[in-house]
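# Overview (structure and organization)
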Amino acid sequence: MKLYQKTWLYFFLWDAQGDEFLEYNLPYPNYLLQAQKGVFIGWLINGYPGTKQSREYFNDIIARYIIAHKKYKPERLPYRPELARDAIKDLNNTHELKEFQNLPSLYWANKKKIWTSESVGTVDQVFWAIKLYTEELIKEFGEGTPVPYEMLQDYAFNNFFDKKDKSTLRAKCRNIWNWYDNRGWTIPKRREWKMTRRERALTNAKSIKEKKRRQILNAVTGIMKDEYIKPDGTWNIYKLTKDLGMSDNTVRKHIKELIQEGIIPEKIIKDEGLI
């Protein structure tokens, strides 16, 4: 009998407290160790990144985790945690990757097709994680100073799963390195502004709405989107409500808006080869 394979998603967060996972309503970790300079944290995941599709799904979650915790300079540790250490441990429970869907996602696929994954039709979060890391290096080195290509490649190889030849990750690193090299190793300027209390309240309310919209959109456009399609091709509101922890009205409202805006179809038609 073949045992069900499991994979550790294990990270180190610099200068973290250990409760940062609560911000995104992530499952309680299987391993948590508070160290002098940060936190070791890990989850035991059902499944293994042995196929192209599973690697993409694992990498998507890893990238979103890294982006969400960017200020802690997260590193994925490509080995099992040291279970003998005096850490908080729970080895009786395992998790599914879909439990991490509350992590933020960058959804600019319609505007920047070069940063999407052709095989799954979703945003290439790995590309963006490497890109944001590159910007941190530019800040550290000083704008105008080239970043060694090897630093991008080492970062990608250490954090993400790929085939043994690492060709996909190398291609992403080359594209990013060339993009900044062509722009003299500068970071695009972003507009700054001051907000009144009322404007900030409106912005916060809008952010909450956008966060829920992104979570729903991630679910119905991600690798596991088929789980949210009923046999008749319509969207499974009940399952979305249950998995995302939102109210029925919230899910229905956003699904209706996404359909009206033409971002998702009202019904998935089998004849089109979509299911």
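Before reading further, recall that the structure is shown in the block above.
Residues numbered from 1 in each chain as written. Predicted model: local features only at pLDDT ≥ 70, side-chain atom pairs only at ≥ 80, totals over all residues. Heavy atoms only, no water.

## As for the pairing of strand β3 (residues 38-46)
Filter applied, for reference: Burial classification: accessible surface area is computed with a 1.4 Å probe over protein chains only, and a residue below 20% of its type maximum counts as buried, one above 50% as exposed, and the rest as partly exposed. The numbering of helices and of strands both runs from the N terminus, where a helix is a DSSP run of H or I of at least 4 residues and a strand a run of E of at least 2. The pairing criterion is simple: DSSP has to find at least two bridges between the two strands.
With nine of nine residues buried, β3 is to be regarded as a mostly interior element. Here strand β1 (residues 6-14) pairs with β3 via nine bridges, running antiparallel. Bridge pairing in β3 links W8 to L44. Bridge count for strand β2 (residues 31-34) against β3 is four bridges, and the pairing is antiparallel. Each residue of the ladder has a partner; that of Q34, found in β3, is V39. Hairpin geometry of β2 and β3 is characterised by an intervening segment of three residues between the two adjacent antiparallel strands.

## Observations regarding the pattern of salt bridges
To keep things clear, this is the line we draw: Throughout this description, the term salt bridge denotes a Lys or Arg side-chain nitrogen within 4 Å of a carboxyl oxygen of Asp or Glu.
This structure, assessed with the given rule, holds eleven salt bridges. With a closest N to O distance of 2.6 Å, R213 and E261 form a salt bridge. On the criterion of sequence distance, the pair formed by R213 in helix α5 (residues 197-221) and E261 in the segment after α7 (248-260) is long-range, its members being 48 residues apart. Of the residues examined, R213 reaches a relative accessible area of 14% and is grouped as buried.

## Description of the nonpolar core
Nonpolar side chains in soluble globular proteins generally cluster together in the buried interior. We apply this condition: Definition used in this section: a nonpolar core is a set of buried Ala, Val, Leu, Ile, Met, Phe, Trp, Tyr and Cys residues joined via side-chain atoms within 4.5 Å. We call two residues in contact when some of their heavy atoms are within 4.5 Å.
Judged by nonpolar contacts, the single largest core of 46 residues is most densely connected at L9, W43, I130 and F160. Those elements that place two or more of their residues in this core are β1, β3, α1 (52-68), α2 (125-141), α3 (149-159) and α4 (167-181). For this core, the element with the highest residue contribution is α1, accounting for nine residues. Leaving out residues up to four positions away in the same chain, I130 has contacts with L152, Y155, A156, F160, K172, C173 and I176. I216, V220, W235 and M246 belong to the second largest nonpolar core, which has 16 residues in total.

## Let's talk about α4
Note the threshold: An expected span of 1.5 Å times one less than the residue number is assigned to each helix. The arc in question is traced by the directions running from the helix axis to the C-beta atoms.
For α4, built from 15 residues, the straight-helix expectation of 21 Å at 1.5 Å per residue is met to within 8% by its first-to-last C-alpha distance of 21 Å. By the burial criterion, the buried members of α4 are L169, K172, C173, I176 and Y180. Seen end-on, α4 carries its buried residues on one side only, within an arc spanning 95 degrees. Close packing links the buried residues of α4 with α2 and α3.

## Structural notes on the packing of helix α6 (residues 237-244) against α7
The test is simple: Fitted lines through C-alpha atoms give the axes, limited to the stretch in contact for helices. The angle between two N-to-C directions lies from 0 to 180 degrees. An angle counts as roughly parallel when it lies under 35 degrees, as roughly antiparallel when it exceeds 145, as roughly perpendicular when it falls between 65 and 115, and as oblique in every other case. When the near helix sits turned anticlockwise from the far one by under a right angle, the crossing is termed left-handed; a clockwise turn instead gives a right-handed crossing. Polar here means any residue outside two lists: the nonpolar Ala, Val, Leu, Ile, Met, Phe, Trp, Tyr, Cys and Pro, and the charged Asp, Glu, Lys and Arg; Gly therefore counts as polar.
At their nearest, the axes of α6 and α7 sit 9 Å apart, and the two run at 120 degrees to each other. Here α6 lies oblique to α7, going by the angle between them. Seen along the crossing, α6 lies across α7 with a hand that is right-handed. Residue-level contacts link I237, L240 and T241 of α6 to D248, V251, R252 and I255 of α7. Counted by class, the contact of α6 with α7 contains four nonpolar, one polar and two charged residues.

## A look at the packing of α1 against α2
Contact geometry of α1 with α2 gives a least axis separation of 8 Å together with a crossing angle of 35 degrees. Along this stretch, α1 crosses α2, giving a crossing that reads as left-handed. Between α1, through N59, D60, A63, R64 and I67, and α2, the contact on the second element is made entirely by Q125, V126, W128, A129 and L132. Its residues assigned to classes, the contact of α1 with α2 comprises six nonpolar, two polar and two charged.

Geometry only, nothing functional implied.
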